[in-house]
Amino acid sequence: EQYRKVLALDPHSRVARLGLAITLFSEYKLDRALQIDKSLLAEDPHDPQSNLLAAEIYVENHEYAAAAPYLSQCKNMSGSLAPRVHVLRGKVLAAAGHLKAAAQQLALGAANDQSGSVYYELARIYQKLGEKNAATAAFHKSEALRKRWDNSSR
């Protein structure tokens, strides 16, 4: 609602449009979020945050090949969003069958895994690669994080 108020005053505010798009994404209104995000990308195709959001939306829709070009615009992303870029790259690589590279990317992004979901995906890839010990370790880490996540949400 606050982003809409800002946009009523300044319809061209990039910050408000990106904030609204992120909010819509979090509410799983993916089509509307992508529509807004694409308008931002039309203005600045190299904006890392807008590219990251587009990649997020395409990965969420299991359109991994469509996400790849947006992720390539995020290669210099730093700070708290960098691990998320690695996770998304890992998912795209896994979907393309590049399991070793996917495992490397997911491992880089796992540092920010709070719910255990990234470690779970990593464990499944290790299983496919036949790396039993790594898979077991990742499953244990996933389980521990999931329990902590479940306990913190109570």
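Look a little higher up for the structure.
Computed from a predicted structure; not experimentally measured.

### Regarding the overall build of the chain
Across its full length, the chain carries nine helices and zero strands. Element order for the chain, N to C, with α for helix and β for strand: α-α-α-α-α-α-α-α-α. Each principal axis of the C-alpha atoms in the chain carries an extent, and together these give about 55 × 40 × 25 Å. On the chain, the mean spot of the 20 positive side-chain charges and the mean spot of the 16 negative ones are 6 Å from each other.

### Things to note about helix α8 (residues 117-129)
The end-to-end C-alpha distance of α8, which contains 13 residues, comes to 19 Å, matching closely the 18 Å that a straight helix rising 1.5 Å per residue would cover. All buried positions along α8 are accounted for by V118, Y119, L122, A123, I125 and Y126. Angularly, the buried residues of α8 cover 165° about the axis, an arc narrow enough to put them on a single face.

### Concerning the pattern of salt bridges
Applying the stated criterion across every chain, the model contains 10 salt bridges. Measuring nitrogen to oxygen at the nearest pair gives 3.4 Å for the salt bridge that ties E27 to K29. A residue is classified by how much of its surface remains accessible, and K29, at 44% relative accessible area, is partly exposed.

### Regarding the packing of α8 against helix α9 (residues 132-152)
In contact at an axis separation of 8 Å, α8 and α9 are set at 165° when each is read in the N-to-C sense. Relative to α9, α8 is oriented roughly antiparallel. In this structure, α8 crosses over α9, and the sense of that crossing is left-handed. Contact residues: α8 offers Y119, Y120, L122, A123, R124, Y126 and Q127, while α9 offers A134, A135, A138, F139, K141, S142 and L145. For the contact of α8 with α9, the residue count by class is 10 nonpolar, two polar and two charged.

### Brief notes about the environment of L52
Topologically, L52 is positioned in helix α4 (residues 48-60). Once the C-alpha coordinates of L52 and Y119 are considered, the two residues, 67 residues apart in sequence, prove to be 21 Å apart. In this structure L52 touches C74, M77, L81, V85 and L88, once residues within four positions along its chain are discounted.

### Description of the packing of aromatic side chains
Within this structure, the stated rule accounts for two aromatic pairs. Arranged with centres 5.6 Å apart and planes meeting at 20°, the rings of Y58 and Y70 form a pair that is stacked. Here Y70 lies in helix α5 (residues 64-72) and Y58 lies in helix α4, a separation of 12 residues in the sequence. In this pair, the class of Y58 matches that of Y70, namely buried.

### What about the environment of Y120?
On the secondary structure map, Y120 appears in helix α8. Separated by 22 residues in sequence, Y120 and S142 have C-alpha atoms that sit 5.4 Å apart. Those residues in contact with Y120 that lie beyond four places of it in its chain are F139 and S142.

### Structural notes on unusual backbone geometry
If a residue is not glycine, its phi is most likely negative; likewise, a peptide bond is most likely trans. The backbone of Y28 sits at a positive phi, close to 65°, despite the residue not being glycine. With respect to the element layout, Y28 can be found in the loop between α2 (14-26) and α3 (30-43). Despite not being glycine, H62 has its phi angle at roughly 60°, a positive value. Mapped onto the secondary structure, H62 falls in the loop between α4 and α5. H62 gets classed as exposed once you look at its relative accessible area, which sits at 58%.

Definitions and cut-offs
Residues numbered from 1 in each chain as written. Predicted model: local features only at pLDDT ≥ 70, side-chain atom pairs only at ≥ 80, totals over all residues. Heavy atoms only, no water. Helix = DSSP H or I, 4+ residues; strand = E, 2+ residues; numbered from the N terminus. Lys, Arg positive; Asp, Glu negative; His and termini not counted. Charge placed at Lys NZ, Arg CZ, Asp CG, Glu CD. Expected span 1.5 Å × (residues − 1). Buried < 20%, exposed > 50% of the residue type's maximum accessible area, 1.4 Å probe, protein only. Arc of directions from axis to C-beta. Salt bridge = Lys/Arg side-chain N within 4 Å of Asp/Glu carboxyl O. Axes fitted to C-alpha atoms, helices over the stretch in contact; angles between N-to-C directions. Parallel < 35°, antiparallel > 145°, perpendicular 65-115°, else oblique. Left-handed = near helix turned anticlockwise from the far one by under 90°. Contact = heavy atoms within 4.5 Å. Nonpolar A, V, L, I, M, F, W, Y, C, P; charged D, E, K, R; others polar. Phe/Tyr/Trp six-rings, centres within 6.5 Å; stacked < 30°, edge-to-face > 60°.

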